[in-house]
Amino acid sequence: MIKPKSIGMISLGCPKATVDSEHILTRLRAEGYLISGSYQDSELVIVNTCGFIDSAVEESLEAIGEALAENGRVIVTGCLGAKGDVVRQAHPKVLAVTGPHAAAEVMEAVHRHLPKPHDPYEDLVPAQGIRLTPKHYAYLKISEGCNHRCTFCIIPSLRGPLVSRPVGDVMQEAQNLVNAGVKELLVISQDTSAYGVDMKYRTGFWGGKPLKTRMTELAGALGVLGAWVRLHYVYPYPHVDEVIPLMAEGVILPYLDVPFQHASARILGLMKRPASSEDVLARIRKWREICPDITLRSTFIVGFPGETEDEFAELLDFIEVAQLDRVGAFVYSPVEGATANDLPDHVPPEVQQERLGRLMGLQEEVSAARLTRKVGRTMRVLVDEVDGEGAIARSAADAPEIDGLVYVNSGEVLQVGDFADVRIVDSDEHDLWAEPD
């Protein structure tokens, strides 16, 4: 019997990086490597890094340093690996460094530094691949890279231009996941609504029938597989309006993650982002007319270079009028290589933090009021955890890790991965409390 080689994995960054890690893990298991959860039991450690903002770079470099100290044999991949010699300057003893979306290069490094004899009886992997998420939900990455050149972002230089996956491949992966028990598919990419642009929306095939490589058609096809389908990172193109009826009809979840980033037309121009707050507010009203239960999530940058107090006030006004359900915000941070760094009139850090506090304080009031309206309603939730005190679940309005939770009293009888109907009995600024219906 051949003794399997054992490899550890540290995965940092966004869900897109998580999917990259899952692809690497799948290939490792397909070749018979064991996956270890400890440094001590690993013969080599792979660190998938993030390099988007300074704090992410610092976290990644610390993780690499820890892996070197505890194990000594480290392969680095991910976005930080695409930023020149940053990794090797900080940690010259790493075995290899690759950029993001580089499973083939990572496997070459693994074969070079930890070769493993092939064992056909052990080299088995399930059809859905190896996942880092719980068994009941999974990220479904439909494309790589981005064609936009937002001035605050370096993702295109790290991950390249938009490359959409063939629609048949996406559907096959989704079907495999659902067959394996996945109850929720979280559709992700750098720019989900641009899916298929690089292919000129080429018609592919799924189940012997033609299917266009385009977000609306993909969403409709995913919606018949029997799992929740949640759309993330949706750039606000006009054709996004087409998926709202699918939400109203229950084909996909009534949930839209649209990063608006700001409300001031001048700041949006400096960011090289589209639209104006008036256009966005009109579209939000239209979306809610078509699908009253839609949950809207967005992210915003506070303290962008040149942002005046009046322009920040525009953003606060937008937050109050738009009444978004979920909001994430962060202060502008100079990222090496971002063209926004060259803009004049950078906002002092103390002013950035003060504005961030004001924005999130206002959003807490908006969120609390919107969640209060759900008290007394019955809704379907997906159970994430169960313990002696009850269950922790999520509703259609709650994406894992970034949104709120539904705490189910007396939910011990539920099982992780179950759908359950619950009655909402209380709420706060972020979460709901419920009882089994």
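Heads up: the structure comes first, above all this text.
Below is a short write-up of the structure. Note that the structure is predicted; figures quoted are calculated from it, not measured.

**What about the overall build of the protein?**
1) Next: Counting secondary structure elements, the protein contains 12 helices and 20 strands.
2) Next: Over its C-alpha trace the protein gives a radius of gyration of 23 Å, about what one expects of a compact globule, namely 22 Å for 437 residues.
3) Next: In terms of overall dimensions, the protein has a C-alpha envelope of 65 × 55 × 50 Å along the principal axes.
4) Next: Counting the 437 residues in the protein, one finds 55% classified as buried.
5) Next: A fraction of 73% describes how many contacts in the protein between residues 6 or more apart in sequence connect residues 24 or more apart.
6) Next: Of the accessible surface of the protein, which amounts to about 18,900 Å², a share of 53% is contributed by carbon and sulfur atoms.
7) Next: Distance from the positive charge centre (42 side chains) to the negative charge centre (63 side chains) of the protein: 7 Å.

**Focus: the sheet that holds strand β18 (residues 406-409)**
1) Next: One closed barrel accounts for 5 strands, arranged β16-β17-β18-β20-β19; its pairing is mixed. Within this sheet the neighbouring strands show an average axis-to-axis angle of 50°, counted without direction.
2) Next: The pairing of strand β16 (residues 378-387) with strand β19 (residues 419-427) spans 5 bridges and is antiparallel. Bridge pairing links Thr 378 to Arg 423 in β19.

**Brief notes about a negative patch on the surface**
1) Next: Where like charges cluster on the molecular surface, the negative patch consists of Asp 310, Glu 314, Asp 317, Glu 320, Glu 364, Glu 365 and Glu 429.
2) Next: The element that contributes the greatest number of residues to the negative patch is helix α11 (residues 309-322), accounting for 4 residues.

**Some thoughts on the nonpolar core**
For soluble globular proteins, nonpolar side chains are generally found buried alongside one another.
1) Next: In this structure, Leu 222, Leu 256 and Phe 318 are the most contacted members of the largest nonpolar core, which totals 55 residues.
2) Next: Of all hydrophobic cores here, the second largest spans 17 residues; its members include Met 9, Tyr 33, Ile 46 and Ala 96.

**Some remarks on helix α6 (residues 167-179)**
1) Next: If you check α6, its first and last C-alpha atoms are 18 Å apart, about what 13 residues at 1.5 Å a residue would give, namely 18 Å.
2) Next: Every buried residue belonging to α6 is among Val 167, Gly 168, Val 170, Met 171, Glu 173, Ala 174, Asn 176, Leu 177 and Val 178, and all of these are buried.
3) Next: Elements that come into contact with the buried residues of α6 comprise β6 (137-141), β9 (184-188), β10 (203-206), β11 (209-212) and α7 (215-222).
4) Next: Phi for Gly 181, located one or two positions after α6, is positive at around 105°.

**Remarks on the side chain of Arg 370**
1) Next: Of note, Arg 370 is situated in helix α12 (residues 349-372).
2) Next: Accessibility expressed as a relative area gives 16% for Arg 370, which makes it buried.
3) Next: A distance of 2.8 Å separates the side chain of Arg 370 from the side chain of Asp 325, its partner in a polar contact.
4) Next: Those residues in contact with Arg 370 that sit more than four places away from it in its chain are Arg 288, Gln 323, Leu 324 and Asp 325.

**Some details on the environment of Gln 415**
1) Next: Among the secondary structure elements, Gln 415 is positioned in the loop between β18 and β19.
2) Next: The class for Gln 415 is partly exposed, based on a relative accessible area of 49%.
3) Next: Leave out the neighbours within four places in its chain, and Gln 415 touches Val 383 and Val 386.

**Re the state of the cysteines**
1) Next: The final tally for this structure, using the stated rule, is 0 disulfides.
2) Next: Free of any disulfide, Cys 14 has its nearest cysteine sulfur in Cys 50, 6.3 Å distant.
3) Next: Here Cys 79 stays free of any disulfide, with the sulfur of Cys 50 as its closest cysteine sulfur at 6.0 Å.

**Overview of the packing of α11 against α12**
1) Next: For the pair α11 and α12, interaxial distance at closest approach is 10 Å and the crossing angle is 15°. Taken together, the axes of α11 and α12 are roughly parallel relative to one another. Our pair here, α11 against α12, has a crossing hand that is right-handed. In this structure, α11 uses Glu 309, Phe 312, Leu 315, Leu 316, Ile 319 and Glu 320 to contact α12, whose residues at the interface are Arg 355, Arg 358, Leu 359, Leu 362, Gln 363 and Val 366.

**Some points on the pairing of β16**
Regular strands have side chains that alternate between both faces of the sheet.
1) Next: Here 6 bridges tie β16 to strand β17 (residues 390-395), and the two strands are oriented antiparallel to one another. Residue Val 386 lies in a different strand from β17, and its bridge partner there is Ala 391.

**Considering the packing of helix α1 (residues 15-30) against helix α4 (residues 103-113)**
1) Next: The N-to-C vectors of α1 and α4 enclose an angle of 45°; their axes lie 10 Å apart at closest approach. Classified by the interaxial angle, the pair formed by α1 and α4 is oblique. Every pair of crossing elements has a handedness; the one defined by α1 and α4 is right-handed. Two secondary-structure elements touch here, α1 through Ile 24, Arg 27 and Leu 28 and α4 through Ala 103, Ala 104, Val 106, Met 107 and Val 110.
2) Next: Counted by class, the contact of α1 with α4 contains 7 nonpolar, no polar and 1 charged residues.

**Things to note about the packing of aromatic side chains**
1) Next: On inspection of all chains with the given rule, the structure shows 7 aromatic pairs.
2) Next: In this structure an aromatic cluster arises from ring pairing among Phe 260, Phe 300 and Phe 318.
3) Next: Directly above the ring of Tyr 201 sits Arg 214, whose terminal nitrogen or CZ lies 5.7 Å from the centroid.
4) Next: The ring of Tyr 137 is capped by Arg 394, whose NZ or CZ atom sits 5.2 Å from the centre of that ring.

**Considerations on the sheet that holds strand β3 (residues 44-49)**
1) Next: Taken in spatial order, the 5 strands of this open sheet run β2-β1-β3-β4-β5, and their pairing is parallel. What marks the edges here is a single partner per strand, and that holds for β2 (34-36) and β5 (96-97).
2) Next: Where strand β1 (residues 6-11) lies against β2, 3 bridges are found, and the strand directions are parallel. Following the sheet pairing, Ser 6 is matched in β2 by Leu 34.
3) Next: Across the sheet, α1 touches β1, β2, β3 and β4 (74-78), and the angle it forms with β1 is around 175°.

Parameters and conventions
Residues numbered from 1 in each chain as written. Predicted model: local features only at pLDDT ≥ 70, side-chain atom pairs only at ≥ 80, totals over all residues. Heavy atoms only, no water. Helix = DSSP H or I, 4+ residues; strand = E, 2+ residues; numbered from the N terminus. Rg over C-alpha atoms; globule rule 2.2 N^0.38 Å. Buried < 20%, exposed > 50% of the residue type's maximum accessible area, 1.4 Å probe, protein only. Contact = heavy atoms within 4.5 Å. Areas by Shrake-Rupley, 256 points an atom, 1.4 Å probe, with all protein chains shown as cover. Lys, Arg positive; Asp, Glu negative; His and termini not counted. Charge placed at Lys NZ, Arg CZ, Asp CG, Glu CD. Pairing = 2+ DSSP bridges. Axes fitted to C-alpha atoms, helices over the stretch in contact; angles between N-to-C directions. Patch = residues over 30% accessible without salt bridge, like charges linked within 9 Å, V, L, I, M, F, W, Y side chains within 5 Å. Salt bridge = Lys/Arg side-chain N within 4 Å of Asp/Glu carboxyl O. Core = buried A, V, L, I, M, F, W, Y, C linked by side-chain atoms within 4.5 Å. Expected span 1.5 Å × (residues − 1). Polar contact = N/O pair within 3.5 Å; in protein donor to acceptor, adjacent residues only side chain to side chain. Disulfide = S-S within 2.5 Å. Parallel < 35°, antiparallel > 145°, perpendicular 65-115°, else oblique. Left-handed = near helix turned anticlockwise from the far one by under 90°. Nonpolar A, V, L, I, M, F, W, Y, C, P; charged D, E, K, R; others polar. Phe/Tyr/Trp six-rings, centres within 6.5 Å; stacked < 30°, edge-to-face > 60°. Lys NZ or Arg CZ within 6 Å of the ring centre and 35° of its normal.

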